[in-house]
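Analysis of the macromolecular model
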Amino acid sequence: MSAKPDEPHSFAPMALPRLFEAAVACFADRPAIDFLGRKFTYAELGRQVDRAALGLQKLGVRRGTRVGLCLPNTPYSVVAYFAILKLGGIVVNFNPLYVEREIAQQIEDSGTTVMVTLDVKKIYPKIASLLDSTCLERVVVCSMRAALPFAKGTLFRLFKSAELAKSRKDSRHVRFGALLAARGAIEPAEIDPADVAVLQYTGGTTGIPKGAMLTHANLSMNVAQIGRHVPILTPGCERALLVLPLFHVFGMTAGMNFCISIGAEIVLLPSFDVHQALTVITKKRPTLLPGVPSLFAALTARVGDGKYDLSSVNYCISGGAPLPLEVRARFEALCGCKLVEGYGLTEASPVVSANPLDAAYKNTSVGFPLPGTVVEIRSLDDPHRVLPVGEKGEICLRGPQIMAGYWNNPKETEAVFVDGALRTGDIGYMDETGFLYLVDRIKDLILCGGFNVYPRVIEEALHRHPAVAEAAAIGIPDAYRGQAPKAFVTLRPGVQTTPGALLHFLRDYLSRIEMPKVIEIRASLPKTTIGKVSRKELIAEESKSTD
Ligand code: AMP
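Throughout what follows, the structure given in this document is the object of discussion. Each chain has its residues counted from 1, following the order in which its sequence is written. Whole-chain, interface and lining totals are the exception, using all residues; otherwise, since this is a predicted model, local features are given only for residues with pLDDT of at least 70 and side-chain atom pairs are given and counted only at 80 or more. For the side-chain quantities, the full set of heavy atoms in the structure was used; hydrogens and water were omitted.

Below, the discussion takes up the sheet that holds strand E4 (residues 66–70). Following DSSP output, two strands are said to pair if at least two bridges run between them. Secondary structure counts use DSSP, requiring at least four H or I residues in a row for a helix and at least two E residues in a row for a strand, with both numbered from the N terminus. An order of E8-E7-E6-E4-E5-E9-E10 is seen for the 7 strands of this open sheet, with the pairing classed as mixed. Each edge of the open sheet carries a strand with a single partner, namely strand E8 (173–175) and strand E10 (210–215). With direction set aside, neighbouring strand axes in the sheet form an average angle of 25°. As paired elements, strand E7 (residues 138–142) and E8 share 3 bridges and run parallel to each other. What sits directly across from Val 141, in E8, is Arg 175. Angles shown run from 0 to 180 degrees and are taken between the N-to-C directions of axes, each axis being a line fitted to C-alpha atoms and, for helices, limited to the stretch in contact.

Below you can see the structure in the form of structure tokens.
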């Protein structure tokens, strides 16, 4: 089945610095960032970007130079991102929680020669040690203390100095502050919207890390598509709480870039802590909250305390993983706001579809495709065959937000496109009204004696139980059926149940073949850096314990 775009996308692709400059011109005096109380207006942010761009240009950054960002959420993330792009450089997003070996691999694969990072012990030493063993030439070190408001910065120095790393003082190190001190004029860079703007590393459908080449056109169009999809927001008047990491594609596009395009104030948190997030929402009163299901589940579990006030939040968008219906219903009831589900993936910049914010929400659907996006459902047996409405197959995509390919990897690039459409590795179907439904990931299917069991069906059934906070299902080896489902759950605070009681409960919702062979109740479940429950890690733990 092929869904036609609901309108031709007349909105034109642009270089991302133009999007940023337009926001600075339009919303100059509006607050742009509030980082733990340290505030910047759009005009101030614009000036910082210009100065950082000049400093980076003096370091030799120019069109095509790969510059890494290995930062938790701080204002530096935003300033460095747009400064690099202004010079025509390519941003390479690094997950600061990666171990040294993973960071080294990504530096080598991308050819990153300059890295912007933070002077904290958890991050800086990993980067500094790679100066001698990889193609990395320079490290730009940002000061954590200087990012904080004056009083907080002083307290940080007094009580948390043990967390700070001393950076080396040699010609290969530059302080971010020194970068901003450069004087002169930037030599303007010619940027073609088709140029690569960001290398976003992902395991994709095969699990092998590779850099998705997201162009200026891809990223600016995805922002424009989101804007068309949610026209009810008021430019210059919104405030978003961003706890999603900006080095992740969801936080980068649906968080940072989209917020900047509408002149929203970004209340930025460096990491997710439920109490801190709830306190900040109560105090700063954001209107928007993008997140992943586990974030909404965690907020829901704590918000009932009566200490917090979430009434300012009008709209929340959840993506990245299935949003259990119960989490959505409980969150909406407790907060009195709308929580809508969308779908996306790194290779699509990332947003593909979303439920409407204002009307016609369909439970269990990930919404309808963003304007200009064509969804094709292709046969799992023959990917050249497009299936009719209602049939389940691999979700394949075309649209202005689809990546240019994988960096230096023609083999993986060829494998991920079929007849010019991007293969997502996700199984889904469309209904006759154009709404998209996700069934599961092809590689997560549990193959039980000739039947396909979808982990998501088991997880959704478990979420119906009032004691269940989180659920994940995977396939484990089974001598008779090849694979059998195993489920893992965490419980809501103060509630008790047993695996036996849960299995009994599931009998009303699952077929015999879908019934988990084992249910394990845990205190917590492993998560990816963006907060999705990691089925991959659970599978690895299981295979270790059966070795
Ligand atoms: P990543 O490229 O790491 O952002 O992961 C993208 C993958 O997350 C997609 O291919 C889907 O398998 C999954 N995903 C994204 N959004 C949803 C959603 N709303 N429901 C279920 N899975 C999702």
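More follows now that the structure is in view.
The subject of this paragraph is empty space enclosed by the protein. Here a cavity is any set of points on a 1 Å grid over the protein atoms alone where a 1.4 Å probe fits but cannot get out, and a pocket is any open set with protein on both sides within 12 Å along at least 5 of 7 lines; a residue lines the site when it has an atom within 4 Å of a point. Grid points are joined across faces, edges and corners, and a volume is the space filled by probe spheres set on the points. By the definition in use, this model includes 2 cavities of 30 Å³ or more. Taken together, Leu 69, Leu 71, Ser 77, Tyr 81, Asn 93, Leu 246, Phe 247, Met 252 and Met 256 make up the full set of residues lining the largest cavity. Elements with a minimum of two residues in the lining of the largest cavity: helix H3 (75–86) and helix H10 (249–261). Only Asp, Glu, Lys and Arg are considered charged, only Ala, Val, Leu, Ile, Met, Phe, Trp, Tyr, Cys and Pro nonpolar, and every remaining residue, Gly among them, polar. Classifying every residue of the lining of the largest cavity by side-chain character gives 7 nonpolar, 2 polar and no charged. As for the second largest cavity, its lining consists of Leu 323, Pro 324, Leu 325, Glu 341, Thr 364, Arg 456 and Glu 460.

Turning to the packing of aromatic side chains, a few remarks are in order. What characterises a pair of aromatic rings is the spacing of the ring centres plus the angle enclosed by the ring planes. The pairing test for Phe, Tyr and Trp rings, Trp by its six-membered ring, is centres within 6.5 Å, and the orientation test on the planes gives stacked under 30 degrees, edge-to-face over 60, and tilted for anything in between. Evaluation of the coordinates by the stated rule reveals 8 aromatic pairs. Ring geometry for Phe 27 and Tyr 42: centres 6.1 Å apart, planes at 50°, overall tilted. Here the residue Phe 27 occupies a position in the loop between helix H1 (16–26) and strand E2 (31–35), and Tyr 42 occupies one in helix H2 (residues 42–58), the gap between them amounting to 15 residues. Exposure classes here rest on a 1.4 Å probe applied to the protein chains alone. A residue is buried below 20% of its type maximum, exposed above 50%, and partly exposed in between. Using a relative accessible area of 12% as the deciding quantity, one classes Phe 27 as buried. Their ring planes at 80° and their centres at 4.9 Å tell us that Tyr 81 and Phe 82 sit as a pair that is edge-to-face. You'll find Tyr 81 and Phe 82 in the same group, each marked buried. Here a set of aromatic residues connected by ring pairs shows up, and it is made of Phe 20, Tyr 81 and Phe 82. We call a charge positioned above a ring when the Lys NZ or Arg CZ atom is no farther than 6 Å from the ring centre and deviates by at most 35 degrees from the ring normal. In this arrangement the basic side chain of Lys 210 is found over the ring face of Tyr 406, its NZ or CZ atom lying 5.2 Å from the centre.

In globular proteins that are soluble, nonpolar side chains generally tend to be buried together. We define a nonpolar core as any set of buried Ala, Val, Leu, Ile, Met, Phe, Trp, Tyr and Cys residues linked to one another through side-chain atoms lying within 4.5 Å. Formed by 147 residues in total, the largest nonpolar core has its most connected members in Tyr 81 and Ile 260. Ranked by the residues each element gives to this core, the list is headed by H3, at 9 residues.

Moving on, we come to the site of the ligand. As a matter of local geometry, the ligand sits amid 15 residues, with Glu 341, Gly 342, Thr 346, Asp 426 and Lys 532 nearest to it. Here a polar contact is taken to be a pair of N or O atoms separated by no more than 3.5 Å, where protein atoms must pair a possible hydrogen donor with a possible acceptor and residues adjacent in sequence count only if both atoms sit in side chains. One of the backbone N or O atoms of Ala 321 is found 3.4 Å from a nitrogen atom in the ligand. Contact distances for the ligand include 3.3 Å between a nitrogen atom and a backbone N or O atom of Pro 322. For the shell around the ligand, the leading source of residues is strand E15 (residues 338–344), giving 4 residues. Proximity is defined per residue: any heavy atom of the residue falling within 4 Å of a molecule or strand makes that residue near it.

Salt-bridge detection follows one rule: a side-chain nitrogen of Lys or Arg within 4 Å of a carboxyl oxygen of Asp or Glu. A complete count under the given rule lists 28 salt bridges for this structure. We note a salt bridge from Arg 535 to Asp 440, for which the minimum N-O separation is 2.9 Å. Taken as a pair, Arg 535 in helix H17 (residues 535–546) and Asp 440 in strand E22 (residues 436–441) lie far apart in primary sequence, 95 residues in all. By relative accessible area, Arg 535 is classed as buried at 12%. The exposure class assigned to Asp 440 is buried, which follows from its relative accessible area of 7%. One salt bridge in this structure joins Glu 459 and Arg 535, with 3.1 Å as the shortest N-O distance. One end of the pair, Glu 459, is in helix H15 (residues 455–463); the other, Arg 535, is in helix H17, with 76 residues separating them in the sequence. A relative accessible area of 10% means that Glu 459 is categorised as buried. Connected through shared salt-bridge partners, Lys 486, Glu 520, Arg 522, Glu 541 and Glu 542 make up one network.

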